[in-house]
Amino acid sequence: MTIIEGATEARPKKTKPRRIAVVPVFNEEPTVVAVLEELTHLVDEIVVVDDGSTDRSREVILEWSLGRQGVHTILFDKNAGLSAAYYAAFREIGTRLSASEIDAEDLVITVDADGQHDPGDLDRLTARVTEDGFDAAVARRDMSDYSFVKRFGNASLSWWASLWAGTRLYDVESGFRVFRAGPLVEALRYYHGYRYSETVEVAVVLPRLGYTLANDVSVPVPVQRSRTRIMDGVIDALAMIGAWWRVFAGRHKPADMPKWSIYVVPVLAMLALGFILGDILVHRLYLASDSMHNYAHVWYLSDEIFHHATIPLRISLLDDGKAVTFPYAIAPYLAGAIAYPVLGNWAVSLLMGVAIIGTIWAGGVVRPTMRDPWMIALFVLNPFFLDAVFAFQFASLWSAAFFFLFIAAFEREKNIPAGVLMWLSVSSQPLIGSLAVAVYGVGTLVLHRERFTRLLAVGIPTGVALLPIYYMTSLTPSLTDNATGFIRTTLSSIAERSTYFAAPFILSAAAPLLRRYYRPALSFGVVVAVLGILFLGGVVRFYRSPGGYYGVLHTSSDVYAEYFASPSFQPGATYRVLEPSEREDGMYRFIQHRAVLSNEFFTESTMHRSWSTQQYGCYAAYKSIQYVVVESAWEQRTGQNEGDLVRSLVSDGKASVAYTDPSGRFAVYNIEPFVAGQTKPSSLSECSL
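Let me sum up the structure you'll find in this document. Just so it is clear, the model here is predicted, and its values are computed rather than measured.

### Digging into the state of the cysteines
A covalent bond between the sulfur atoms of two cysteines is what we call a disulfide.
So, step 1. Counting across every chain of the model gives one disulfide.
So, step 2. The disulfide partner of Cys618 is Cys687, and the gap between their sulfur atoms is 1.9 Å. One quick way to see it: the torsion about the S-S bond of Cys618 and Cys687 is about -75°, and its sign makes the bridge left-handed. A residue pair is termed long-range when its members are at least 10 positions apart, and Cys618 in helix α27 (residues 613–623) and Cys687 in the segment after α30 (672–676) qualify at 69 residues. Accessibility classification places Cys618 together with Cys687 in one group, the buried group.

### Digging into empty space enclosed by the protein
So, step 1. Enumeration over the complete set of coordinates arrives at two cavities of 30 Å³ or more.
So, step 2. Of the volumes computed, that of the largest cavity is approximately 40 Å³.
So, step 3. For the lining of the largest cavity, the secondary structure elements donating two or more residues are α7 (198–208) and β8 (213–219).
So, step 4. A breakdown of the residues in the lining of the largest cavity according to their chemical character gives five nonpolar, three polar and two charged.
So, step 5. If you add up the space inside the second largest cavity, you get close to 30 Å³.
So, step 6. Taken together, Thr359, Ile360, Gly363, Gly364, Met370, Ile376 and Phe379 make up the full set of residues lining the second largest cavity.
So, step 7. Mapped onto the lining of the second largest cavity, the elements with two or more residues apiece are α12 (346–366) and α13 (373–380).
So, step 8. In terms of residue count, the dominant contributor to the lining of the second largest cavity is α12 (four residues).

### Observations regarding a nonpolar patch on the surface
So, step 1. Together, Trp260, Tyr263, Val264, Leu268 and Leu271 line one region of the surface with nonpolar side chains, adding up to about 540 Å² of accessible area.
So, step 2. Tracing the backbone through its elements, the reader meets Leu271 in helix α9 (residues 265–281).

### Let's talk about the environment of Arg140
So, step 1. Residue placement: Arg140 occurs in strand β6 (residues 136–141).
So, step 2. Put simply, Arg140 and Val657 are 517 residues apart on the chain and 79 Å apart in space, counted from C-alpha to C-alpha.
So, step 3. Every residue in contact with Arg140, bar those within four places of it in the chain, is listed here: Tyr170, Asp171, Asn215, Asp216, Val217, Ser218 and Val219.

### Digging into the nonpolar core
So, step 1. Residues Phe406, Tyr575, Tyr588 and Phe590 are the most contacted members of the largest nonpolar core, which totals 160 residues.
So, step 2. The element that contributes the greatest number of residues to this core is helix α15 (residues 394–411), accounting for 14 residues.
So, step 3. Apart from residues lying up to four places away in sequence, Tyr575 is in contact with Tyr563, Ser568, Phe569, Gln570, Phe590, Ala595, Val596, Leu597, Ser598, Tyr627, Val629 and Val668.
So, step 4. Val23, Leu36, Trp64 and Ile109 belong to the second largest nonpolar core, which has 28 residues in total.

### Things to note about the packing of aromatic side chains
So, step 1. Counted by the stated rule, this structure contains 52 aromatic pairs.
So, step 2. Note on Tyr563 and Phe569: the rings are 5.6 Å apart at their centroids and 75° apart in plane angle, and the pair reads as edge-to-face.
So, step 3. Given the relative accessible area of 0%, Tyr563 is considered buried.
So, step 4. Its relative accessible area of 7% is what places Phe569 among the buried residues.
So, step 5. Counting every residue linked through ring pairs, the aromatic cluster contains Tyr286, Tyr295, Trp299, Tyr300, Tyr328, Tyr333, Phe392, Phe394, Tyr588 and Phe602.
So, step 6. For Arg177, the ring lying beneath its charged end belongs to Tyr86, and the centroid distance is 4.9 Å.
So, step 7. The lysine or arginine in question, Arg609, covers the ring of Trp611, its NZ or CZ lying 5.0 Å from the ring centre.

Rules behind the numbers
Throughout this description, residue numbers start from 1 for each chain and increase along the sequence as written. A pLDDT threshold of at least 70 governs which residues receive local features in this predicted model, and a stricter bar of 80 or more applies before side-chain atom pairs are shown or counted, although totals over entire chains, interfaces and linings include all residues. Working from all heavy atoms in the structure, the side-chain values ignore hydrogens and water. Note that a disulfide, as used here, is simply two cysteine sulfur atoms within 2.5 Å. Only DSSP runs of H or I reaching four residues or more are called helices, and only runs of E reaching two or more are called strands; each is numbered from the N terminus. For each residue, the accessible area found with a 1.4 Å probe, counting protein chains only, is set against the maximum for its type, and the residue is called buried under 20%, exposed over 50%, and partly exposed in between. Cavities and pockets are found on a 1 Å grid laid over the protein atoms alone: a cavity is a set of points where a 1.4 Å probe fits but cannot escape, a pocket is an open set with protein on both sides within 12 Å along at least five of seven lines, and a lining residue has an atom within 4 Å of such a point. Grid points are joined across faces, edges and corners, and a volume is the space filled by probe spheres set on the points. The nonpolar class holds Ala, Val, Leu, Ile, Met, Phe, Trp, Tyr, Cys and Pro. Asp, Glu, Lys and Arg form the charged class, and all remaining residues, Gly among them, are polar. Here, patches come from residues exposed beyond 30% relative accessible area and free of salt bridges, joined within 9 Å for like charges and within 5 Å for nonpolar side chains (Val, Leu, Ile, Met, Phe, Trp, Tyr). In this description, accessible areas are obtained by the Shrake-Rupley approach with a 1.4 Å probe, and a residue is regarded as covered only by the protein chains that are shown. What makes a salt bridge here is a side-chain nitrogen of Lys or Arg within 4 Å of a carboxyl oxygen of Asp or Glu, nothing more. Only heavy atoms enter the contact rule, under which two residues are in contact if any of them lie within 4.5 Å. Only buried residues count toward a nonpolar core, which is a set of Ala, Val, Leu, Ile, Met, Phe, Trp, Tyr and Cys residues joined through side-chain atoms within 4.5 Å. Aromatic pairs are defined between Phe, Tyr and Trp rings, using the six-membered ring for Trp, whenever the two ring centres lie within 6.5 Å; interplanar angles under 30 degrees are classed as stacked, those over 60 as edge-to-face, and all others as tilted. Two conditions define a charge located above a ring, namely a distance within 6 Å from the ring centre to NZ of Lys or CZ of Arg, and an angle within 35 degrees of the ring normal.

Structure, rendered in structure tokens:
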């Protein structure tokens, strides 16, 4: 490649942006001189790039430029493609910008050498930058005289480019463009270019860097020419994704990470997110320790809305009708109930997927640093976030997403949306949401006292509006029946879930340090995540260990289908179903067949434990249990004595076997005779549990 510098005048004191035209040339002998000649009256400098022309284009360019001031000629020995030609010119402009020979506000104009652009339209195009404040303007060609195939291809590529650029583009392939020099040179860091892809790559990169780009100045096309082919369109479509990724993953690459790592660490983070999301969404009924009560509440609520035209406050099929419909998650539950007739159980799986992505997205709204995939990777590696996903902590994730959006709205002084989002956060998970809002309030009082009065103005009426939610939550039988277990579980969950509620704020505050020492931070995060999966996921067993992320590898199957179809099943009777806590889909199917469960789905309510006969009789009488269903998998999983105790009641003639699964997976026992001999206590506190 050869660069020939024309004479350049000493630059006068800047009064308006300097215009620098870039004209790539490949075999344009008949038209190039006319284009250059017309440009001399409209611009201050011209950079001509001969891309290895095989006709006399180079000779006529050199002859024309001889002795002219402000003309720079770049000559390629071989044809390297349009993208390479542009890159060479832009790199020269970048060198001159670094040397302060030109200004960041100067205008770089690209014009094709084949005469398809009318330089007379240049003033209208540059006005979008100089007068309307855009950083770049791309002409929108009038392609009405082109073939349908060409117009369709251009429209399709422009729509695709709009998706990756994040701004509306109408003619992404147009080569008639105006850029501010500073933004254009910055864009070169993320530009690779292949054949004709430069135009589409720059159109994606600039908006993703935060620069504004106009693509609405319509211009005629005097000459209809195009060397592009379908394969070039395919290449351009792929190049747009690459350009977007280089900005997304490369803009904030940590200092201690190698250049190639932008294709590894962020990619793995995105793949992990894709796996998480896909694993939830492929299951219409996702099996996890905290999943089934969400499906059950949404199903029951939908059934009541669409078949009985009512929104119930209690669920008649849970805990003898004492269970409340909205212990939390009122807004997501209502959304799921409305969608249930169309989507079925998948409505809940879909809402869980939205909560997962929504939590990460909302973290980027409240703290823009969290839009960086390097920070997202650290967020996802939090073992308690992973546990929230695979254990299906539906309400907590929705609460976190609403909490982040509440703070974002409040800090932007949008008080009414902030109040609504605060209400949604707390109503989604009253305990965790309230604590998060309270901690934010204390932080505001200490660090931003000038905002605190406004926070009170938002929080007080919102708190009043939350009183019905707090009241309903206080009525949850799990809280009244097993307060000790509820408190123990609550304290544990606060410690775990607060980690992902606080993550956007901690990670964004520590971002400068993390970007200097990302490698050890990433290593630490991976180790902690692996250990978290091993222990929280139940891979490593210990006393009272979790049951594992059962739904990751298993799907739900109706093991009770034959029983429900048999005369032994009694709709309306009260059942206690003992199955592993990591699935509980059997309990859900029982209420769908209109059986009444003796408990809620919460751990505090199911009371999986070992019993004395006296304790068991007191508990069974209080819960009015008629049938006990014992799964063999539950006995193997827990090693507790309830199955043996029930069978001993059968041996003593106080209970009977109502049904035995032919495959040996479960047995159903009628314990009504045993319960009839007990005195029903007024509360569980009388049972010495």
